[in-house]
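# Fold and geometry: a report
What follows is each chain in one-letter form.
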Amino acid sequence: MGPVKVYKCLSIADKQKVIAAVEAASTLLTILKQKDHLTTLRQKKCEYPDLEECLMAWFTQSRQNNIPISGPILKEKSKLFATNLGITNFQASEGWLEKFKKRHDLTFKKVCGESASVDPCISQDWKNELINLLVDYDARDIFNADETGLFYKCLPDRTY
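Structural notes, computed from the coordinates. (Residues numbered from 1 in each chain as written. Predicted model: local features only at pLDDT ≥ 70, side-chain atom pairs only at ≥ 80, totals over all residues. Heavy atoms only, no water.)

Our next topic: the overall build of the protein chain. Looking only at helices and strands, the protein chain features six helices and two strands. For the protein chain, the N- to C-terminal ordering of α and β elements is α-α-α-α-α-β-α-β. Burial analysis of the protein chain (160 residues in total) assigns 17% to the buried set. Taking contacts inside the protein chain between residues at least 6 apart in sequence as the whole, the part at least 24 apart equals 67%. (Helix = DSSP H or I, 4+ residues; strand = E, 2+ residues; numbered from the N terminus. Buried < 20%, exposed > 50% of the residue type's maximum accessible area, 1.4 Å probe, protein only. Contact = heavy atoms within 4.5 Å.)

With that out of the way, let us pick up the packing of helix H4 (residues 71–84) against helix H5 (residues 94–103). Contact geometry of H4 with H5 gives a least axis separation of 11 Å together with a crossing angle of 100°. The angle between H4 and H5 falls in the class roughly perpendicular. Here Gly71, Leu74, Lys75 and Ser78 of H4 lie close against H5, whose contacting residues are Glu94, Trp96, Leu97 and Phe100. In terms of residue class, the contact of H4 with H5 is made up of four nonpolar, two polar and two charged. (Axes fitted to C-alpha atoms, helices over the stretch in contact; angles between N-to-C directions. Parallel < 35°, antiparallel > 145°, perpendicular 65-115°, else oblique. Nonpolar A, V, L, I, M, F, W, Y, C, P; charged D, E, K, R; others polar.)

Moving on to the pattern of salt bridges. Inspection of every chain in the model, using the stated rule, returns five salt bridges. Salt-bridge contacts for Glu94 lead to Lys75; the nearest nitrogen and oxygen are separated by 2.7 Å. Linking Glu94 in helix H5 with Lys75 in helix H4, this pair joins segments that are 19 residues apart in sequence. Arg140 is the salt-bridge partner of Asp138, the closest N and O atoms lying 3.6 Å from each other. (Salt bridge = Lys/Arg side-chain N within 4 Å of Asp/Glu carboxyl O.)

All told, the structure shown has three aromatic pairs when counted by the stated rule. Look at Tyr48 and Phe90: their rings are 5.5 Å apart centre to centre, the planes differ by 85°, and that puts the pair in the edge-to-face class. Highlighted residues: Tyr48 in the loop between helix H2 (35–40) and helix H3 (49–64) and Phe90 in the loop between H4 and H5, separated in sequence by 42 residues. Phe90 matches Tyr48 in its accessibility class, with the two residues each being buried. Counting every residue linked through ring pairs, the aromatic cluster contains Tyr48, Phe90, Trp96 and Phe100. Positioned above the aromatic ring of Phe81, the side-chain terminus of Lys77 is 5.6 Å from the ring centre. (Phe/Tyr/Trp six-rings, centres within 6.5 Å; stacked < 30°, edge-to-face > 60°. Lys NZ or Arg CZ within 6 Å of the ring centre and 35° of its normal.)

Position of Ser78 among the secondary structure elements: in helix H4. Judged by relative accessible area, Ser78 falls into the buried class, the value being 0%. A polar contact of 2.6 Å, which involves the side chain of Ser78, links it to the backbone oxygen of Lys75. (Polar contact = N/O pair within 3.5 Å; in protein donor to acceptor, adjacent residues only side chain to side chain.)

Right, let's get into the packing of H3 against H4. Across the interface, H3 lies against H4 with an axial gap of 10 Å and an inter-helix angle of 130°. Between H3 and H4, the angle falls in the class oblique. Like other packed secondary-structure pairs, H3 and H4 cross with a definite hand, here right-handed. Counted together, Leu51, Cys54, Leu55, Trp58 and Phe59 of H3 and Ile73, Leu74, Lys77, Ser78, Phe81 and Ala82 of H4 form the full contact between these two elements. Looking at the contact of H3 with H4 residue by residue, the class counts come to nine nonpolar, one polar and one charged. (Left-handed = near helix turned anticlockwise from the far one by under 90°.)

Right, here's the structure in full:
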């Protein structure tokens, strides 16, 4: 008589863990199979490194100030930097923009929230001033102007 087989009953949570582990291992194996190919790939150097350095410095500074940056803005700013750097044959094409974004790992994302766009001190001063201005008005005569469409699409709602 042979050995007795013992079956273990796995819970759904245990089965989910096994599936996740196998999927992670599968992904790891896929990457390892492509190791030789991935190590031989090289990222194409940019043709105008000074231009891209200036553009990335400007981009970083603009985003730190919560200024939304779109593709057309990047292209126009790159043309301006090219002119200032004396680069005469630069074309800010869609292809250049896509490669620039890829080289610098830029992604286009939706801007969420308004809190970072205003200095808190200025906003508190304005709230105090607003109370004084609203004293002579009934509550029914007060409305939120940014919900009226007055500022509709004033600034891009997506940025890199």
